[in-house]
Amino acid sequence: MTNVSNRSNLDISAYFVVGPENTKNRPVAPIIKDVVDAGYTCIQIRSKTASALELIELTKEAADVIEKAGRADEVTLLVDDRLDVVLAAKKMGIKIDGIHVGQSDIPVEICRAYLGEDAVIGLSARTHDLFDYIKTADVSLIDYFGAGPLHETETKPDCGTGADGKVITRSFEELAELAKASSIPIVVGGGVKLADIPQLAETGVDGFFVISAISEADNPRAEAEKLIEAWKENYKRK
Ligand code: 3NM
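Small disclaimer: the values here were computed from a predicted structure and weren't measured.

J.: Just checking my understanding: could you explain the overall build of the protein chain for this structure?
T.: Regarding its fold elements, the protein chain presents nine helices and eight strands. The globule rule puts the C-alpha radius of gyration for 238 residues at 18 Å, and the 16 Å found for the protein chain is close to it. Within the protein chain, the fraction of its 238 residues that count as buried is 51%. Within the structure as shown, the protein chain displays about 11,000 Å² of accessible surface, and the carbon and sulfur contribution to it stands at 50%. Averaged over its 27 positive side-chain charges, the protein chain has a centre that lies 2 Å from the centre of its 39 negative ones.

J.: Looking at this structure, I do not really get helix α3 (residues 83-91). What am I missing?
T.: Residues separated by three or four positions in an α-helix point in the same direction, a consequence of the helix having 3.6 residues per turn. Turning to α3, its buried residues are L83, V85, V86 and A89. The arc enclosing the buried residues of α3, seen along the axis, measures out at 160 degrees, which places them on a common side. On its buried face, α3 sits against α2 (52-68), β3 (76-80), β4 (98-101) and α4 (108-115). Positive phi shows up at G93, right after α3, with a value of about 85 degrees.

J.: Honestly, the nonpolar core in this entry has me stumped. Any pointers?
T.: By size, the foremost hydrophobic cluster in this structure holds 68 residues, and its most contacted members are Y40 and I43. The element that contributes the greatest number of residues to this core is α2, accounting for seven residues. Here Y40 is in contact with A14, Y15, F16, V35, R71, V75, F208, I214, A224, L227 and I228, once residues within four sequence places are set aside. I12, L78, V120 and V187 belong to the second-largest nonpolar core, a separate cluster that totals nine residues.

J.: What is the right way to read the packing of aromatic side chains from this model?
T.: Aromatic rings considered in pairs are described by the distance between their centres and by the relative angle of their planes. Under the criterion given, the structure shown has five aromatic pairs. Summarising the aromatic geometry, the rings of Y40 and F208 are spaced 5.9 Å apart at their centres and angled 85 degrees between planes, so their arrangement reads as edge-to-face. Taken together, the residues span a long stretch of sequence, with Y40 in the loop between α1 (28-37) and β2 (42-45) and F208 in strand β8 (residues 207-210) at a distance of 168 residues. A centroid spacing of 5.6 Å and a plane angle of 45 degrees characterise the contact between F208 and W231, whose relative ring orientation is tilted.

Quick notes on the rules
All residue numbers refer to positions counted from 1 along the written sequence of the respective chain. With the structure being a predicted model, the display of local features is reserved for residues of pLDDT at least 70 and the display and counting of side-chain atom pairs for 80 or more, all residues being used for whole-chain, interface and lining totals. Side-chain calculation: all heavy atoms of the structure are included, whereas hydrogens and water are not. Secondary structure elements follow DSSP: runs of H or I of four or more residues count as helices, runs of E of two or more count as strands, with numbering from the N terminus. With the radius of gyration taken over C-alpha atoms, the globule rule is written as 2.2 Å times the number of residues to the power 0.38. The rule is simple: take the accessible area with a 1.4 Å probe, protein chains only, and divide by the maximum for that residue type; under 20% is buried, over 50% is exposed, in between is partly exposed. Residue-level accessible areas treat just the shown protein chains as cover; the underlying method is Shrake-Rupley with a 1.4 Å probe. Only four residue types enter the tally: Lys and Arg on the positive side, Asp and Glu on the negative side, with His and both chain ends excluded. Here the site of a charge means NZ on Lys, CZ on Arg, CG on Asp, or CD on Glu. By arc we mean the arc of the directions from the helix axis to the C-beta atoms, nothing more. Should any heavy atoms of two residues lie within 4.5 Å, those residues are considered in contact. Nonpolar cores are built from buried Ala, Val, Leu, Ile, Met, Phe, Trp, Tyr and Cys residues. Side-chain atoms within 4.5 Å join them into one set. Side-chain rings of Phe, Tyr and Trp (the six-membered ring for Trp) are treated as a pair once their centres are within 6.5 Å; stacked means planes under 30 degrees apart, edge-to-face means over 60, and tilted covers the remaining angles.

This is the structure:
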């Protein structure tokens, strides 16, 4: 295995997020294998219920899947929110590339201080004033923004509501503006299904992320392939 920093290699175009609560009681690792074999470039382990030990074990399984597929230098492996898990996994020699955090999770400054310059750090940019936020956030600390949700989603019901009590979703027009305004890559998810991919790819954002479209599919490999093929067909360079 060569030792290319995944920060410089970062490709968030096809991004799968998963945890044990998302797979309809099926083991997670075989679904990660399906997605890695389908060519996905980013895997995020995310669970709000699993213990630290379970998350470390799952991270190890994911790293092994990526390594066995011969894609360790192409696929970025991240853990959501849990700096403790990332640090423990690294200490155990697991090839984990970094962390994804939300705006109210552990601050990116702290993640960067603990994980160092080579780590990949992603930040969910969910705020009412998204455009101001992407201009004021310290992008020297962050490698990409996650923006969403595109649609209201049962997978993450607490995506943030507006004054009318409804979940704030992002329109394709808004995402196209965001893609132009941001100096770092943007990945978009939240209720994304195959039918959304062509329009999403045309906004000029850098990638899509999904959980349930793949993790709950009867045939995760087939769904993963359909999504990534649709993205590749429709993606236009900014
Ligand atoms: N973050 P699904 S939406 C993890 O908007 C996550 O920031 C979101 O799951 C955001 O593909 C989301 O099943 C859940 O809708 C995405």
